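What follows is each chain in one-letter form.
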Amino acid sequence: VGPDDRLSRGTAARAESFTLDNRDFEPAPSQRYFLEASTRGAHPWVGSSWTWAGMNLSLHGYDQLSASPHVVYAGRVLVDLAAGAMPTEEIAEIGGTKDYGAFGGQWIGRGVRDRRYLGKLRVIHQSELRVGVASFDVFGWHLDNGVVAFADLAWIGYDWDNVSGVFPGEPWRAGNPLGVV
């Protein structure tokens, strides 16, 4: 099967993952960590026209710096590696239990256009400083509001034979806006 033939065919991928979660409050954690490790791949044996494999390791950590005002540092280190003949749709995604586009978009590479930088080799660090600003009740619903400052930094290698950088450009990428939650 040549590359042009694959464009009209489907891809089927298999994924396995392991997670360890001891965060204190899943929607808005203040303490502890979340660890995830996963593998994924495609092969004609599972009905794919493509043959590739990938792995992902992600560690999220949370530390409450102050109780009043509520200030939390949140950090994540993510390593995502893949090899083989992959469709662009798969190169544009980070593996694991959630579908994240990389690098760019609202989850990874915030402040950069969605899926702006692609590569099979990705090492990403994200840091956030979350500050609670107001807490109040509306019609029996409790609402907490705050601001978050964050920075995302990534090293992206286009492929195993080009680990020095993505094509075109250098391998280092960053996004660093301010958000209101």
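**Q** Which residues make up the overall build of the protein, and what values go with them?
**A** Check the secondary structure of the protein and you find 2 helices and 10 strands. Listed N to C, the secondary structure of the protein is α-β-β-β-β-α-β-β-β-β-β-β in terms of helices and strands. When each of the 181 residues of the protein is scored for burial, the buried share is 37%. In the protein, once contacts between residues fewer than 6 apart in sequence are set aside, the share between residues at least 24 apart is 53%.

**Q** Describe in detail unusual backbone geometry, supporting the description with residues and values.
**A** Note the cis peptide between Ser 68 and Pro 69, where omega equals 0°. Summarising the element assignment, Pro 69 is placed in the loop between strand S3 (51-66) and strand S4 (71-85). The backbone of Arg 32 shows a phi angle near 80°, a positive value even though the residue is not glycine. In this structure, Arg 32 sits in strand S2 (residues 32-42). Backbone geometry places Phe 139, a non-glycine residue, at a positive phi of 50°. Summarising the element assignment, Phe 139 is placed in the loop between strand S7 (121-138) and strand S8 (141-157).

**Q** Explain the packing of aromatic side chains residue by residue, including any values.
**A** All chains considered together, the criterion is met by 0 aromatic pairs. For Arg 110, the ring lying beneath its charged end belongs to Phe 150, and the centroid distance is 3.9 Å.

**Q** How would you summarise the nonpolar core if you had to cite specific residues and measurements?
**A** In this structure, Leu 78, Ile 94, Tyr 100, Ala 102, Phe 103, Ile 108, Val 112, Tyr 117, Ile 124, Ala 154 and Ile 156 together form the largest nonpolar core, which totals 11 residues. In contact with Ile 124, other than residues within four places in its own chain, are Arg 76, Val 77, Leu 78, Ile 94, Phe 103, Ile 108, Leu 153 and Ala 154. If you look at the next biggest cluster of nonpolar residues, it comprises 6 residues, including Ala 42, Trp 50, Trp 52 and Ile 91.

**Q** How would you explain the pattern of salt bridges if you had to name every residue and give the values?
**A** Counted under the stated rule, the structure contains 9 salt bridges. Two residues, Asp 21 and Arg 23, come together in a salt bridge whose shortest N-O distance is 2.7 Å. The partly exposed category is assigned to Asp 21, whose relative accessible area is 39%. Between Arg 130 and Glu 128 there is a salt bridge, and its shortest N-O distance comes to 2.6 Å. Take Arg 130: its relative accessible area is 26%, and that puts it in the partly exposed class. The class for Glu 128 is buried, based on a relative accessible area of 15%. Each of Arg 110, Glu 128, Arg 130 and Asp 152 takes part in one network of salt bridges that share partners.

**Q** Tell me about a nonpolar patch on the surface, residues and numbers included.
**A** A contiguous nonpolar patch, built from Phe 136, Val 138, Phe 139, Trp 141 and Leu 143 and spanning about 590 Å² of accessible area, is present on the exposed surface. Every element with two or more residues in the nonpolar patch is listed here: S7 and S8. Along the chain, the position of Trp 141 falls in strand S8.

**Q** I'd love a proper account of the pairing of S2, names of residues and values included.
**A** Where strand S1 (residues 13-21) and S2 come together, 9 bridges link them in antiparallel fashion. Bridge pairing in S2 links Ser 17 to Ser 38.

Rules used throughout
- Residues numbered from 1 in each chain as written.
- Predicted model: local features only at pLDDT ≥ 70, side-chain atom pairs only at ≥ 80, totals over all residues.
- Heavy atoms only, no water.
- Helix = DSSP H or I, 4+ residues; strand = E, 2+ residues; numbered from the N terminus.
- Buried < 20%, exposed > 50% of the residue type's maximum accessible area, 1.4 Å probe, protein only.
- Contact = heavy atoms within 4.5 Å.
- Phe/Tyr/Trp six-rings, centres within 6.5 Å; stacked < 30°, edge-to-face > 60°.
- Lys NZ or Arg CZ within 6 Å of the ring centre and 35° of its normal.
- Core = buried A, V, L, I, M, F, W, Y, C linked by side-chain atoms within 4.5 Å.
- Salt bridge = Lys/Arg side-chain N within 4 Å of Asp/Glu carboxyl O.
- Patch = residues over 30% accessible without salt bridge, like charges linked within 9 Å, V, L, I, M, F, W, Y side chains within 5 Å.
- Areas by Shrake-Rupley, 256 points an atom, 1.4 Å probe, with all protein chains shown as cover.
- Pairing = 2+ DSSP bridges.

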